[in-house]
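# Close look at the chain arrangement
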Amino acid sequence: ATIPILICGILILIGKGRFLIAGYNILSESKKNKYNIRKIETILGIWVIFFGLSLATILWFVHKIPPLIIVCFIVFTMFVSLILLIYVNISTKE
């Protein structure tokens, strides 16, 4: 389940997954020019890879570590996701 997520993250990171960015394809050219798409791709690609690795880690250790640690790991992943979402919305407009 995590391999497709990691592949999508790599595609986005190298600039070949622009079609995976929600909402970007429906923007007009004038609105697309307002955003630094390369920065969005870099941040989103890193986030998707981070999410895929987090999911793989949770699935790998789910039977080996206490449930509280798993919950903390999920909360940490959600926190990082929220921070990156805010950062993308603030920093990518040109």
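Presented here is an overview of the structure given in this document.

Calculation rules
Residues numbered from 1 in each chain as written. Predicted model: local features only at pLDDT ≥ 70, side-chain atom pairs only at ≥ 80, totals over all residues. Heavy atoms only, no water. Helix = DSSP H or I, 4+ residues; strand = E, 2+ residues; numbered from the N terminus. Buried < 20%, exposed > 50% of the residue type's maximum accessible area, 1.4 Å probe, protein only. Contact = heavy atoms within 4.5 Å. Areas by Shrake-Rupley, 256 points an atom, 1.4 Å probe, with all protein chains shown as cover. 1 Å grid on protein atoms, 1.4 Å probe; cavity = no way out; pocket = protein on both sides within 12 Å on 5 of 7 lines; lining within 4 Å. Points joined across faces, edges and corners; volume = space filled by probe spheres on them. Nonpolar A, V, L, I, M, F, W, Y, C, P; charged D, E, K, R; others polar. Salt bridge = Lys/Arg side-chain N within 4 Å of Asp/Glu carboxyl O. Axes fitted to C-alpha atoms, helices over the stretch in contact; angles between N-to-C directions. Parallel < 35°, antiparallel > 145°, perpendicular 65-115°, else oblique. Left-handed = near helix turned anticlockwise from the far one by under 90°.

## What about the overall build of the chain?
Tallying secondary structure elements over the chain gives four helices and zero strands in all. Tracing the chain from N to C terminus, the helices and strands come up as α-α-α-α. In terms of overall dimensions, the chain has C-alpha extents of about 50 × 25 × 20 Å along its principal axes. In the chain, which comprises 94 residues, the proportion classed as buried is 24%. Counting contacts in the chain only where the partners sit at least 6 residues apart, residues at least 24 apart contribute 69% of the total. Summed over its atoms, the accessible surface of the chain is roughly 6,600 Å², and 76% of this surface lies on carbon and sulfur atoms.

## Points about the environment of Arg38
As for its position among the elements, Arg38 is in helix H3 (residues 37-61). Classification of Arg38 by relative accessible area gives partly exposed; the value is 39%. The spatial distance from the C-alpha of Arg38 to the C-alpha of Thr92 is 9.0 Å, given a sequence separation of 54 residues.

## Things to note about the layout of surface pockets
By volume, the largest pocket amounts to about 380 Å³. What lines the largest pocket is a set of 17 residues, among which Ile21, Ile40, Leu85, Val88 and Asn89 lie closest to the centre. Of all elements in the fold, only H3 and helix H4 (67-91) reach the threshold of two or more residues within the lining of the largest pocket. In terms of residue count, the dominant contributor to the lining of the largest pocket is H4 (five residues). Looking at the lining of the largest pocket, its residues break down into 12 nonpolar, four polar and one charged.

## A closer look at the pattern of salt bridges
Two side chains with opposite charge may pair up if their charged atoms get near one another. Counted by the stated rule, this structure contains three salt bridges. We note a salt bridge from Glu29 to Lys32, for which the minimum N-O separation is 3.9 Å. With Glu29 and Lys32 both in helix H2 (residues 29-32), this residue pair falls three residues apart, about one helical turn. Here Glu29 falls in the exposed class, since its relative accessible area comes to 54%. Across the salt bridge formed by Arg38 and Glu41, the nearest N and O atoms sit 2.8 Å from each other. A residue pair is termed a helical-turn pair when its members lie 3 or 4 positions apart in one helix, as Arg38 and Glu41 do in helix H3 at three residues.

## Description of the packing of helix H1 (residues 2-13) against H3
The geometry of H1 relative to H3 is characterised by a closest axis approach of 7 Å and an angle of 165 degrees between their N-to-C directions. On the basis of their axis angle, the class for H1 and H3 is roughly antiparallel. Viewed along their axes, H1 and H3 form a crossing whose handedness is left-handed. Among the residues making up the contact of H1 with H3, the classes are represented as 15 nonpolar, five polar and two charged.

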